[in-house]
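Residue strings, one per chain:
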Amino acid sequence: MHLLQIQYVILNAECGIIFSTERTKEKNMNTTDSHMYLRDMRWEGKQVILHTDGLLCTSVREVVTSRAFERVLHLFLNHLEDHDDPLLSGLFSGHKTKEERRLLLVLLRALADAPIEYAVKALPGTEAYLHNPRPLYLFVESLYDFWRSFDRYLVCFSEEGPLSHDKRPYRTFNATVERLTDTTRALYRDICEHITGDHCRIFRQLHAGCNVGAIAVRREWPSPDKSTEPLHNIPFISQVLINPPFIIDPPENKRRGQFIRVEKNPLEGIELKSDEWLCYPAQVGPTIIFVYFHQSFMGLGCSLANLFELATDEQVTQGPDAIYLYGVDSGHMEQYGDFPTVFFDDEEKDLLIAAIPRGDAFGYFGYLKKMMLTLHNIKMMKKGRMPFHGALARITLRNSATATLLLIGETATGKSETLEALRTDGKDQISRMTILADDMGSLEVAEDRSIVGYGTETGAFIRLDDLEHGYAFNQVDRAIIMSPQKVNARVVLPVAFIDEILKGQKIDMILYANNYEEVDHDHPVINGFSDAWEALTTFREGAAMSKGTTTSTGLTHSYFANIFGPHQYRELHDKLAEKVFEAAFAKGTFVGQVRTRLGVPGSERTGPLEAARALLELISNDK
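Calculation criteria
- Chains are numbered independently. Their residues run from 1 in the order of the written sequence.
- Two thresholds apply to this predicted model, a pLDDT of at least 70 for residue-level local features and 80 or more for giving and counting side-chain atom pairs, whereas whole-chain, interface and lining totals are computed over all residues.
- Side-chain metrics in this entry use all non-hydrogen atoms of the structure; hydrogen atoms and water are not considered.
- Strands here are runs of E lasting at least two residues and helices are runs of H or I lasting at least four, both read from the DSSP assignment and numbered beginning at the N terminus.
- Take the residue count of a helix, subtract one, and multiply by 1.5 Å to get its expected span.
- Classification of residues uses two cut-offs on accessible area relative to the type maximum, computed with a 1.4 Å probe and protein chains only: under 20% is buried, over 50% is exposed, and between them is partly exposed.
- Working note: the arc is built from the helix axis to C-beta atom directions.
- Under this scheme, a helix contributes an axis fitted over its contacting stretch, all axes are lines through C-alpha atoms, and angles between N-to-C directions fall in the 0 to 180 degree range.
- In what follows, roughly perpendicular refers to angles from 65 to 115 degrees, roughly parallel to angles under 35, roughly antiparallel to angles over 145, and oblique to any angle outside these ranges.
- By the convention used here, residues are in contact when the closest approach between their heavy atoms is within 4.5 Å.
- Polarity classes work like this: nonpolar for Ala, Val, Leu, Ile, Met, Phe, Trp, Tyr, Cys and Pro, charged for Asp, Glu, Lys and Arg, and polar for all others, with Gly in that last group.
- Here a polar contact is recorded for every N or O atom pair within 3.5 Å, except that within protein the pair must consist of a potential hydrogen donor and a potential acceptor, and residues adjacent in sequence are included only if both atoms are side-chain atoms.
- The criterion is simple. A nonpolar core is a set of buried Ala, Val, Leu, Ile, Met, Phe, Trp, Tyr and Cys residues joined through side-chain atoms within 4.5 Å.

(A) Looking closely at helix 17 (residues 570-587). Between its first and last C-alpha atoms helix 17 spans 25 Å; for 18 residues at 1.5 Å apiece the expected length is 26 Å, and the two agree. Listed in full, the buried residues belonging to helix 17 are His573, Leu576, Ala577, Val580, Phe581, Ala583 and Ala584. Around the axis of helix 17, the buried residues are gathered within 160 degrees of arc, so they sit on the same side. Exposed residues pointing more than 90 degrees away from the buried face of helix 17 are listed as Glu571, Lys575 and Ala586.

Structure representation (structure tokens):
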């Protein structure tokens, strides 16, 4: 490239630049960018959220000359200054004044098109880089890593119509998320090659664009009263793209407190900025829950895609069974107490409304998932089903024996771990294993007195520590991993299909997951109960040894191991539970307990394994 050509490139690179001499803080970094077709660019802590109405970018040139690139550069320089990073001492062109930053910006834009010898000749004040390009190269490498250190999301807003983005999601994601990844990575490589004068010999195809993409659309749905009007301008997520493994580190890694029923609708007097919220319309078993989440919880909200199926357009337009607002302004929630995780039962409208405040204290996936399941459980009780907190699986052995197994128990009592041990240790005996519920579901009594079970989730939210070594890595191409460096690290994995969990299966075994008792002659791995009264006593006590997934410690007790709905509606639940257990014994369904020993020190892995082997033997003998 000749000098005149590079001067022309630099002139174009400088056109339209708007720069403020004031240090820009993260909360002021939201911006529009017509060059990249950006509606908005938001910075929420370690999250970057891009909003677009159409194509995000089409070339490396559009990326490097965009205001988005400029914003990232200035944020990076501010970050280096705040940390007195020695990387700054290598910048011969400077970084503190308006002119110095402008010169560095234009130099990087020029290096996207031309080798360093042409760029510095056209930009007085940058000649030193020609003799020692190493500091500039290290700066670019660190800038690239800085950008990728954020959790990056892209929301593509779609207008209704035959050509809307949600009607052609693959094309939309290819033109936005995939293209942004390709152009960002190409920009980084072009600049590095133009600085070093050499080609890269080892290529790593990192996710340089956005980790997650979502298509958001407006949908009309019937409003039961004026209280829901603030929600009607908030767009619904219709499709989600995830680039796994997706690793996030939310501010909290455990849940505390309970969900409290209140007498006042949380929607009353609420004010919401529609451009700060998205709705994930979730199929939670047979219920439809509109989950509105503030974009400060973007990572947790998008993680729902690995756990709950998105509702269809038809289901959305029919309206929800429940509404959940995750991330409400804390000032609005103060009226409900110091730790306001609340729900309101509008019996007249047959609608449940839940709300949890914004803030780091509530930045844990458990608050999102468990409130949704609480709402599901309440709806099920009102429809005559008994909700359960447990894992439900259909198991078929090679010897033709089959069993639908329900393990009921508190969080971290070994339900999922036992099923996983059953899958891995029994792989030579099991021909098929279908997970129907990983955490919650419901039971109903059929006309023939058999017990039929239904699930809620298409995914699983599992502790990494309790999985078989290497299992999470085998599933990493589908996984969302949360806080892998912390206690109670979790992985969210898809495990089932929506039609399977909604179909309903007749249950052969109902077992309480006992994670706290050792196994001995008087306490076998599995023992059956003699009658419904004995079974109800054990299940009602809900004893469990805490595993640190909440703030509870030691041996705890919770009504039917389920504080998510039954605890708040005991009278209704008691009638349903008595009906279910009496029918189970009358039908000959096996009802007992299995000692998983997940809460016994030293037995965290051997306990679920031995429980799985005992279950295999029980299923085989029941042929």
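After presenting the structure, the write-up continues.
(B) Spotlight on the packing of helix 4 (residues 98-111) against helix 7 (residues 134-148). The contact between helix 4 and helix 7 brings their axes to 13 Å, and the two run at 85 degrees. It follows from the interaxial angle that helix 4 and helix 7 lie roughly perpendicular. Taken together, the residues of helix 7 that come into contact with helix 4 (itself represented by Leu104, Leu107, Leu108 and Leu111) are Leu136, Phe139, Val140 and Leu143. Grouping the constituent residues of the contact of helix 4 with helix 7 by class yields eight nonpolar, no polar and no charged.

(C) Focus on the side chain of histidine 389. Checked against the element boundaries, histidine 389 lands in strand 15 (residues 386-397). A polar contact of 3.4 Å, which involves the side chain of histidine 389, links it to the side chain of lysine 370. Side-chain polar atoms of histidine 389 contact the side chain of aspartate 439, separated by 3.0 Å. Residue contacts for histidine 389: discarding those within four places in its chain leaves Lys370, Leu407, Ile408, Gly409, Glu410, Thr411, Lys415, Asp439, Met440, Ala561, Asn562 and Phe564.

(D) Seen up close, the nonpolar core. Ranked by size, the top nonpolar core spans 81 residues in total, and within it Tyr324, Met372 and Phe539 carry the most contacts. The biggest single contributor to this core is helix 12 (residues 365-382), with nine residues. Ignoring sequence-local partners within four residues, the contact set of methionine 372 consists of Ala282, Val284, Ile289, Val291, Leu304, Phe308 and Tyr324. In this structure, Leu73, Leu111, Phe150 and Ala208 belong to the second largest nonpolar core, which totals 58 residues.

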